[in-house]
Amino acid sequence: MAEPRIAPYGSWKSPITSELIVAGTIGLGQVRLDGEVVYWSEQRPTEAGRNVIVRLTPDGQMTDVTPPPFNVRTRVHEYGGGSYTVYQGTVYFSNFADQRLYRHKPGEEPVPITPEQDWRYADGVIDGRRQRMICVREDHTGSGEAVNTLVSLSLDSSDPEQTILVAGSDFYSSPRLSPDGSLLAWLCWNHPNMPWDGTELWVGEVSGDGSIGARWKVAGGSEESIVQPEWSPDGALYFISDRTNWWNLYRWQGSRGVGDVEPLCPMDAEFGFPHWIFGMSNYAFESAELLICTYSQEGISYLATLNPQTRQLEPVKTPYTNLGEIHASPGQVVFSAGSATSPGAIAQLHLESGQIRILRRSSNLEIDPGYLSEPRAIAFPTENGLTAYGIFYPPKNRDYVAPEGERPPLLVKIHGGPTAATSTAFNLRIQYWTSRGIAVLDVNYGGSTGYGREYRERLKGNWGIVDVDDCVNGARYLADRGEVDGNRLVIDGGSAGGYTILAALTFRDTFKAGASFYGVSDLEVLATDTHKFESRYLDSLIGPYPECKDLYVERSPIHFTDRLNCPIIFFQGDEDKIVPPNQAERMVNALRNRGLPVAYVLYEGEQHGFRKAENIRRTIDGEFYFYSKVFGFAIADPLEPVAIDNL
């Protein structure tokens, strides 16, 4: 191998291109088991972001289940999830274009089983005895806020009848039938809570006619978050609760009342994650005697088995650091897996032998490790004597070294949510930067998940303060240690992360440029012009609106553009209902009027998050091009220019 060339950071030529990222990568998720047959969904950028259900049979035959133009995606809560279920070889799925549910039998065309109404469906479970599905329905037919209920509907396409089983709460999720079909469990919560703030777990008796009779609350409340209720094969109800600060596993043995709940494995670890989407699964039953689960500590995921009788937790050694989508059947567990150096995959673990088989990779690309930065978890001091966390990626490219004494620019990345988290999972979009000589800090600021409820609640009433402080302090920490160039700090983020970067650029002077992906600039607009799921989210992050109107104004970057003194690029979808385009456009116009360098890229037909291959490529390259113009470094490859005003 030739000696590395000397070249400034940012100018290194990399084999990790935007075209490679998009063409070679698919999104994997929503694992399901139907006997010995494994299903999952694939989001394919090269098919305009279409979501396809894939089936893998025991003989190794892998086939697409849903044909074009069907796109398996529900818009319940806008974020979706839980968009399909499988029962005895038949798939039932939500189609994005019309939001109707379809029945798809092998060898037949999909047939709609719901009427042409403005209804959306998610998180379905099949009641085989009564030949019906029980699911969440979001009703948009009336004026005002959508109405969420649990409904039952026939699996027969000729019967459009739907019955409301449970109603009265603002939100519902996770309807789950007991093995004998006599009990239904579900989660519900009300404004202003989000599901990670406070939910209730209920159980109801299923009457002979299929209606829900007597019902009672098992656990939860306004200060306790319950996630993922599941029935074990022997009829006990399990769930995850954060009642002791950490999301841990609990069991309810079937008598009425809260007092019958027992902890299974108390640990300072997260066995659950916030339910932004439906159908998340962090544990599953191989049998009544064996539970398979994943838990997270300090940003690293682990796989384990748990004996419910002895309550003995046994770690399972795997090469992965990011795990989820746990589904099990006798002798096996199927899950999504990733690590810092290998692309995400759907994997199958044979429990007796311990052997792991990869069923599907998100990418078949094989990249020389000489171009891959290995992440390092860091903890750094932040305001009020507290500690915050992040994952640092130094530049790495086997073909280059920087001139002596030069320190790399740093891109600080802010995850969305804000109640979410970043991880060490393999991320080509991060490696795109590091292989070009740009260091990356992925921040898990106060408010992120994975560090307990107390850490999560640092953001309560403090959005735009704690998150910004932690991002600033993480960047300064690395600059003070001499690992990055303190004069070339940039920041990017999407959605809620976009708000954090705009607040950081407006109210602090640490960063020299930034990129906002469908980010929030006006908190008042977000509070009054967004979808039901998040319409009261800001009550806890900022305060009730309009009672706390002054705080909303005080923390909204749009009102303080006179404090901005650095360039920003904005990327936005024109069909975004969560953060509408006017959020970006008002900020762009203000920057233009102030004479600051600004770029605005609007994508037709995109919603909250970009799914089309050409737009993903344009966003990745456009941001890099923007920074090259801001800092004046030469780029190794020709990129499509972005129009920059006032440059």
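Here goes a summary of the coordinates provided. Bear in mind the structure is a predicted one, so any value in this text is a computation, not a measurement. (Residues numbered from 1 in each chain as written. Predicted model: local features only at pLDDT ≥ 70, side-chain atom pairs only at ≥ 80, totals over all residues. Heavy atoms only, no water.)

Before going further, it helps to examine the packing of aromatic side chains. Any two aromatic rings considered together are summarised by their centre-to-centre distance and by the angle between their planes. Counting across every chain of the model gives 37 aromatic pairs. An angle of 75° between the planes, with centres 5.7 Å apart, marks the rings of Y432 and W433 as edge-to-face. Judged by relative accessible area, Y432 falls into the buried class, the value being 0%. Every member of this aromatic cluster is reached through a ring pair, and the members are Y79, F171, W189, W196, W276, F533 and Y537. Between R436 and the ring centre of F624, over which it is positioned, the NZ or CZ distance is 5.8 Å. Lying over the aromatic face of F171, K532 brings its terminal NZ or CZ to 5.0 Å of the ring centre. (Phe/Tyr/Trp six-rings, centres within 6.5 Å; stacked < 30°, edge-to-face > 60°. Buried < 20%, exposed > 50% of the residue type's maximum accessible area, 1.4 Å probe, protein only. Lys NZ or Arg CZ within 6 Å of the ring centre and 35° of its normal.)

So, about the side chain of N248. Of note, N248 is situated in strand β20 (residues 248-252). Taking the relative accessible area as the measure of exposure, N248 reaches 2% and is therefore buried. A distance of 2.8 Å separates a polar atom in the side chain of N248 from the backbone nitrogen of M267. With sequence-adjacent residues up to four places away left out, N248 is seen in contact with F239, I240, S241, C265, P266, M267, A269 and F271. (Helix = DSSP H or I, 4+ residues; strand = E, 2+ residues; numbered from the N terminus. Polar contact = N/O pair within 3.5 Å; in protein donor to acceptor, adjacent residues only side chain to side chain. Contact = heavy atoms within 4.5 Å.)

For the rest of this paragraph, the subject is the sheet that holds strand β12 (residues 147-154). The strand order across the open sheet built from four strands is β10-β11-β12-β13, with neighbouring strands paired in antiparallel fashion. Pairing within the sheet leaves two strands with one partner each, and these edge strands are β10 (119-127) and β13 (162-166). Pairs of neighbouring strands in the sheet enclose a mean axial angle of 35°, with direction left out of account. Pairing between β10 and strand β11 (residues 132-139): seven bridges, direction antiparallel. The partner of A122 across the bridge, within β11, is V136. (Pairing = 2+ DSSP bridges. Axes fitted to C-alpha atoms, helices over the stretch in contact; angles between N-to-C directions.)

On to helix α5 (residues 496-507), then. Between its first and last C-alpha atoms α5 spans 16 Å; for 12 residues at 1.5 Å apiece the expected length is 16 Å, and the two agree. Three or more residues of α5 are buried, namely A496, G497, G498, Y499, T500, I501, L502, A503, A504, L505 and T506. (Expected span 1.5 Å × (residues − 1).)

Here F96 shows up in the loop between β7 (90-94) and β8 (101-104). Put simply, F96 and T74 are 22 residues apart on the chain and 5.8 Å apart in space, counted from C-alpha to C-alpha. Not counting chain neighbours up to four residues away, the residues in contact with F96 comprise N71, R73, R75 and Q607.

Axes are the key here: two packed helices are described by the angle between their axes and the distance separating the axes. At a minimum axis distance of 9 Å, the contact between helix α4 (residues 466-480) and α5 shows a crossing angle of 70°. As summarised for this structure, α4 and α5 are arranged roughly perpendicular, according to the angle between their axes. Counting all contacts with α4, which are made through D467, V468 and C471, the residues of α5 involved are T500, A503 and A504. Residue composition of the contact of α4 with α5, by class: four nonpolar, one polar and one charged. (Parallel < 35°, antiparallel > 145°, perpendicular 65-115°, else oblique. Nonpolar A, V, L, I, M, F, W, Y, C, P; charged D, E, K, R; others polar.)

With that out of the way, let us pick up α4. The end-to-end C-alpha distance of α4, which contains 15 residues, comes to 20 Å, matching closely the 21 Å that a straight helix rising 1.5 Å per residue would cover. Residues of α4 that are buried: V466, D467, V468, D469, D470, C471, V472, N473, G474, A475, L478 and A479. In this structure, the buried residues of α4 make contact with β30 (376-381), β31 (387-393), β33 (410-414), β34 (439-444), β35 (489-494) and α5. Two residues or fewer past α4, G482 is found with a positive phi of approximately 80°.

Another aspect to go through is the pattern of salt bridges. Here the structure, examined in full by the defined rule, presents 33 salt bridges. Two residues, D64 and R44, come together in a salt bridge whose shortest N-O distance is 2.9 Å. Placement of D64 in strand β5 (residues 62-64) and of R44 in strand β3 (residues 37-44) is noted, with a sequence separation of 20 residues between them. Residue classification places D64 among the partly exposed residues on the basis of a relative accessible area of 43%. Owing to a relative accessible area of 9%, R44 belongs among the buried residues under this scheme. For D522, the salt bridge is made with R586, and the minimal N-O distance between the two is 2.6 Å. (Salt bridge = Lys/Arg side-chain N within 4 Å of Asp/Glu carboxyl O.)

Now for the nonpolar core. Membership of the largest hydrophobic core comes to 81 residues, with the highest contact counts inside it found for L410, V412 and W463. Setting aside chain neighbours within four positions, we find V412 in contact with L441, V443, C471, A475, V490, I491, D492 and F511. Listed in part, the 36 residues of the second largest apolar core include I21, Y393, L428 and A515. (Core = buried A, V, L, I, M, F, W, Y, C linked by side-chain atoms within 4.5 Å.)

The next subject is the environment of D156. Tracing the chain through its elements places D156 in the loop between β12 and β13. In this structure D156 comes out as partly exposed when scored by relative accessible area, which is 39%.

Moving on, we get to the state of the cysteines. Under the counting rule described, the total for this entry stands at zero disulfides. Note on C566: no disulfide assigned, nearest cysteine sulfur contributed by C471 at a separation of 14 Å. Overall, the relative accessible area of 3% leaves C566 in the buried class. (Disulfide = S-S within 2.5 Å.)

In this section: the pairing of strand β26 (residues 322-329). The buried count for β26 comes to seven of eight residues, which makes it a mostly enclosed element. As judged from the six bridges shared by β26 and strand β27 (residues 332-338), these two strands associate in the antiparallel manner. Paired with A328 across the strands is V333, a residue of β27. Counted along the chain from β26 to the antiparallel partner β27, the turn is two residues long, and its residue G331 has a positive phi close to 90°.

The next thing to look at is the sheet that holds β5. Pairing is antiparallel across the open sheet formed by four strands, whose spatial order is β2-β3-β4-β5. Edge positions in the open sheet fall to β2 (27-34) and β5, since each of these has one partner strand only. The mean inter-strand angle of the sheet, taken between neighbouring strand axes irrespective of direction, is 25°.

Looking at the element boundaries, A214 is found in strand β17 (residues 212-220). You can call A214 partly exposed: its relative accessible area is 30%. Taking the C-alpha atoms as reference points, A214 and L183, 31 residues apart in sequence, are found 9.9 Å from one another.

The next thing to look at is the side chain of R555. Within the secondary structure, R555 is located in the loop between α8 (549-554) and β37 (568-573). E554 is the oppositely charged side chain nearest to the buried, salt-bridge-free R555, at an N-O distance of 5.1 Å. From its side chain, R555 meets the backbone oxygen of G461 in a polar contact 2.9 Å long. Filtering out sequence-adjacent residues up to four positions away, R555 remains in contact with G461, N462, W463, I465, Y499, F507, L523, L541 and I542. (Lys, Arg positive; Asp, Glu negative; His and termini not counted.)

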